[in-house]
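Structural characterization, general
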Amino acid sequence: MKRAAVLFMILAVLSLSAPALAAPPAGAPVDPGADLIPAGYDGFINLAGRDLPAHLAKLRALLGLGADASASMQGITDAIFPGAGVSYANDIAPWLGEHITIGFRLDDENDFVALAATTDTARSDAFVQKVSPALAGGAITITALEGYVAYGAVEGIRQVVSVMSGEAAALAEAPGVQQVFSRLPVDRFAAAYVDGEAVTHLLLASGIDSGMVLGDNALTGIGFAASSPADNPEAARFDVALGFSEPVPAPVPSTAALGSLVEKAVPADALGLFTAYDLRVPVRAGLYAFALQTYVQDGMEAAAKGEPLPKMPTQSQSASMADSLLATGSLMLRSTGLQISLEQDVLDWLSGEYALGLLPNPAGLWGAPSIPVDGFAMTQIIDRNATMNIVEILSRVLASQFELTLNLVNIGGYDLRAVPDTASGGNLFIFGMVGDFLVVATGDSIQQLVDVASGSAPNLAGSAAWQARARSVEPGSEALLYVPASETLNTLSEGMTAPYDFAMLSVDVVEESKLVIVSALVVAR
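Quick notes on the rules
- Residues numbered from 1 in each chain as written.
- Predicted model: local features only at pLDDT ≥ 70, side-chain atom pairs only at ≥ 80, totals over all residues.
- Heavy atoms only, no water.
- Helix = DSSP H or I, 4+ residues; strand = E, 2+ residues; numbered from the N terminus.
- Buried < 20%, exposed > 50% of the residue type's maximum accessible area, 1.4 Å probe, protein only.
- Contact = heavy atoms within 4.5 Å.
- Salt bridge = Lys/Arg side-chain N within 4 Å of Asp/Glu carboxyl O.
- Phe/Tyr/Trp six-rings, centres within 6.5 Å; stacked < 30°, edge-to-face > 60°.
- Lys NZ or Arg CZ within 6 Å of the ring centre and 35° of its normal.
- Pairing = 2+ DSSP bridges.
- pLDDT = per-residue confidence, 0-100.
- Arc of directions from axis to C-beta.
- Core = buried A, V, L, I, M, F, W, Y, C linked by side-chain atoms within 4.5 Å.
- Polar contact = N/O pair within 3.5 Å; in protein donor to acceptor, adjacent residues only side chain to side chain.
- Lys, Arg positive; Asp, Glu negative; His and termini not counted.

When helices and strands are tallied, the protein shows 17 helices and 18 strands. A total of 525 residues make up the protein; the buried ones form 48% of that total. The long-range share in the protein, meaning contacts at least 24 apart out of those at least 6 apart in sequence, stands at 65%.

This model, assessed by the stated rule, comprises six salt bridges. Arg123 is the salt-bridge partner of Asp120, the closest N and O atoms lying 3.8 Å from each other. Residue Asp120 is classed as partly exposed on the basis of its relative accessible area, which comes to 26%. Given the relative accessible area of 46%, Arg123 is considered partly exposed.

It is worth spelling out the packing of aromatic side chains at this point. A complete count under the given rule lists eight aromatic pairs for this structure. For the ring pair Trp95 and Phe127, a centre distance of 5.6 Å and an interplane angle of 40° mean the geometry is tilted. Of the two residues, Trp95 sits in the loop between helix H4 (88–92) and strand S2 (96–105) while Phe127 sits in helix H5 (residues 121–135), which places them 32 residues apart along the sequence. Of the two residues examined, Trp95 and Phe127, each falls in the buried class. Among the aromatic side chains, those forming a connected cluster through ring pairs are Phe81, Trp95, Phe112, Phe127 and Tyr151. The ring of Tyr41 carries the charged tip of Arg105 above its face, separated from the ring centre by 4.7 Å.

The pairing of strand S1 (residues 43–48) with S2 spans six bridges and is antiparallel. Paired with Ala48 across the bridge in S2 is His99. Where S1 meets strand S6 (residues 188–195), five bridges bridge the pair, whose relative direction is antiparallel. Note that in S6 the partner of Gly43 across the bridge is Val194.

Further remarks concern the confidence of the model for the protein. For the protein, mean pLDDT is 76; residues scoring 70 or higher make up 74% of the total. Low pLDDT (under 50) marks residues 1–28, which in the prediction has 76 contacts with non-local residues, meaning those over four places away or in another chain.

Moving on: the environment of Ala268. With respect to the helices, strands and loops of the structure, Ala268 is situated in the loop between helix H10 (260–264) and strand S9 (272–277). Judged by relative accessible area, which is 22%, Ala268 ranks as partly exposed. Separated by 191 residues in the primary sequence, Ala268 and Asn459 place their C-alpha atoms 4.6 Å from one another. Setting aside residues no more than four positions away along its own chain, Ala268 makes contact with Pro458, Asn459, Leu460 and Ser463.

Turning to helix H15 (residues 446–454), its buried residues number three or more, namely Ile446, Leu449, Val450 and Val452. Down the axis of H15, the buried set is contained in an arc of 160°. They therefore lie on one face. Phi turns positive, to about 90°, at Gly455, one or two residues after H15.

With that out of the way, let us pick up the nonpolar core. Within the largest apolar cluster, 28 residues are counted, with the highest numbers of intra-cluster contacts made by Ile37, Phe44, Val113, Leu115, Phe181 and Tyr193. Only strand S3 (108–118), strand S5 (148–153), helix H6 (154–164), helix H7 (175–181), S6 and strand S18 (515–524) provide two or more residues apiece to this core.

Here the focus is the pairing of strand S11 (residues 373–380). Of all eight residues in S11, six are buried; the element is thus mostly enclosed. Of the strand pairs in this sheet, strand S10 (residues 353–360) and S11 are connected by seven bridges, and their pairing is antiparallel. The residue of S11 that forms the bridge with Gly357 is Phe376. Two strands pair when backbone bridges link them, and S11 and strand S15 (residues 437–442) are joined in this way by five bridges, in the antiparallel orientation.

Let us look at H6. Residues of H6 that are buried include every one of Gly156, Ile157, Val160 and Val163, and no others. Down the axis, H6 shows its buried residues gathered within 110° of arc, on one side only. Where the residues of H6 are buried, they touch S3, strand S4 (140–145) and S5. Immediately downstream of H6, the backbone of Gly166 shows phi near 85°, a positive value.

Quick look at the side chain of Thr77 now. Mapped onto the secondary structure, Thr77 falls in helix H3 (residues 70–80). Classification of Thr77 by relative accessible area gives buried; the value is 4%. Engagement of the side chain of Thr77 in a polar contact is seen with the backbone oxygen of Met73, the distance being 2.9 Å. Aside from chain neighbours lying at most four places away, what touches Thr77 is Val86, Tyr88 and Ile92.

Summarising the element assignment, Asp195 is placed in strand S6. The buried charged residue Asp195 lacks any salt bridge partner; its closest oppositely charged side chain belongs to Arg105, at an N-O distance of 9.7 Å. Not counting chain neighbours up to four residues away, the residues in contact with Asp195 comprise Asp42, Thr220 and Gly221.

Attention now moves to the environment of Val240. Within the secondary structure layout, Val240 lies in strand S8 (residues 235–244). For Val240 and Ile222, which are 18 residues apart along the polypeptide, the C-alpha to C-alpha distance reads 7.0 Å.

Take a look at the structure:
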C-alpha cells in the first residue's frame, strides 16, 4: 500500500505541465527533531507536538467532521500503545513539547524511530515507566533521551543517540533535504521527506525502471508541508516539492498574474474555473502523451519478458515528437484542400490566458435536466485578425471533416457560429470572438458570456463568492483551479453542500533550484 501511494504521487506529479501559484515563503531547511533522524533512514515525518490537536481540529472542521479532536487524539494513542491504558489527555499532553518526529524506512514498516519533545521530564519519565513493561524484550522499545521521549526500533534509537553525540550523520544533512525544504512554507504544522534514492529503489522493486519515469534526471528527494496561511485562519495549504539533480525546464516563462479572464469574461455564478497561460503547453503535452503510446507499449512488453525497459525520451526528443504530430495533422488537412499549418495558423496565436469552466443551466446540458450545467472554454489571442482566421479554420474543419451544419448567429452584437442540436432545438455549441477572447460554449450559455463582456451582467471578480475566497489565493498566481464546492454540489443535486472549497491546485517549476512544487489550498466557506 505504501509503495503504491508513493508511486502514484510521483507519476501524477511528473505528468503535470501547468505553471503555478507564487512560491511560498521559505523557512529553515528542516524542523527541530528532524535533524536527529539517522542518515540511514529513508525519510521522516515531522508534526506539531502540543499544538497538534488544534491543527487536527482545524482540519476536521475544514472537512466537515466537527472541531473536536480529542477522540481522534485518543484513537491515535490507542493505536500506538494498544492495551497499555494510555490516556492522551492525562499521560502525554501535560509534557508534550513543540514537535514529534518519526524516521522510517520504505521497505520495513517495523524499522522506525519516533521522537517526542518534552517540556516536563518528570512527567515524560513517568510516562516511559508506565509504557515500558508492555514493550520489555521486544524489537520496539521506549526510553527517555535528552529533551525527548524516544519510541521505536532498538537499533534505530541507538543510532539517534549516535547522532546526538555527533558520532553519526543525520538525514537532515542530505543535499535533497536542504533542497526541497528551501522552498516550503515556514508556518508549516506538518512536514515530511522521502529520499530520492530510496524512491528510485522502490520503483525498481516495483518492476519499474526509474529511467522510465525520470529519464536521466535523478530524483534527489520529495518534501511535503501542511501549513496555515497567516492571512486566513480558515484555510489550509499543502505543498509537495520534488528535487532533481538537474534543472527541470519550465513549461511556460513567468509572465503577469492572471486576472483578465475573471474580470472581463467569466460570469459571477461560475461553478468552476481553471485558468492559466499559454494553451500551447497542454496541447503539446497532449500530443506528447499521444506519441508516448508506442513507448509505453514497448515498456510493458519488455517488462513482461523481463527485458531492460526503454529510457524516457529526452526533452528535445519529446518536442520533436510533438512537432511531428503537428506536421502530420497539417498534411492531413492540406490533403482535403485546407491549406492550414496547425503550428503557424493556430498554436502560435494561443499564448495568452485561457480557461475552462462550468455555468449553471437549469434546462440542462443539451436539454438534459439531469446535467444542469453548461461548459465553456476561452482563450485570449494576441492578434484579433489571427483570431478570426482561427474561427474560419475551425468552421471549415467542422463543416468539411465532420459534416456539421453551421449557422451564423449574432448575439449581443457579436457574429458567432453555431452548431445546431436538432434533438433539443437549441445548439450543441457556439463559438467565435466575444470581447477579447475566442470562446466555445455548450448549449446557449454563450448569452451569459456575452452579457459579461458587454458589462450588462456581473463578472466573477466582482462577486462576493469570489472575493471571500480570493484573499487566500497567492498574489501573482499563474495557474488557478477555483471550485466553489457547495454551490457546485447544490446545483448538481439540490440540497447537497460541502463545508470547504478546493480553492487552488497548481504546479511551479523552479529551474534555478531544480525543483517542481505542487500546491493546493483548501478554504473553509
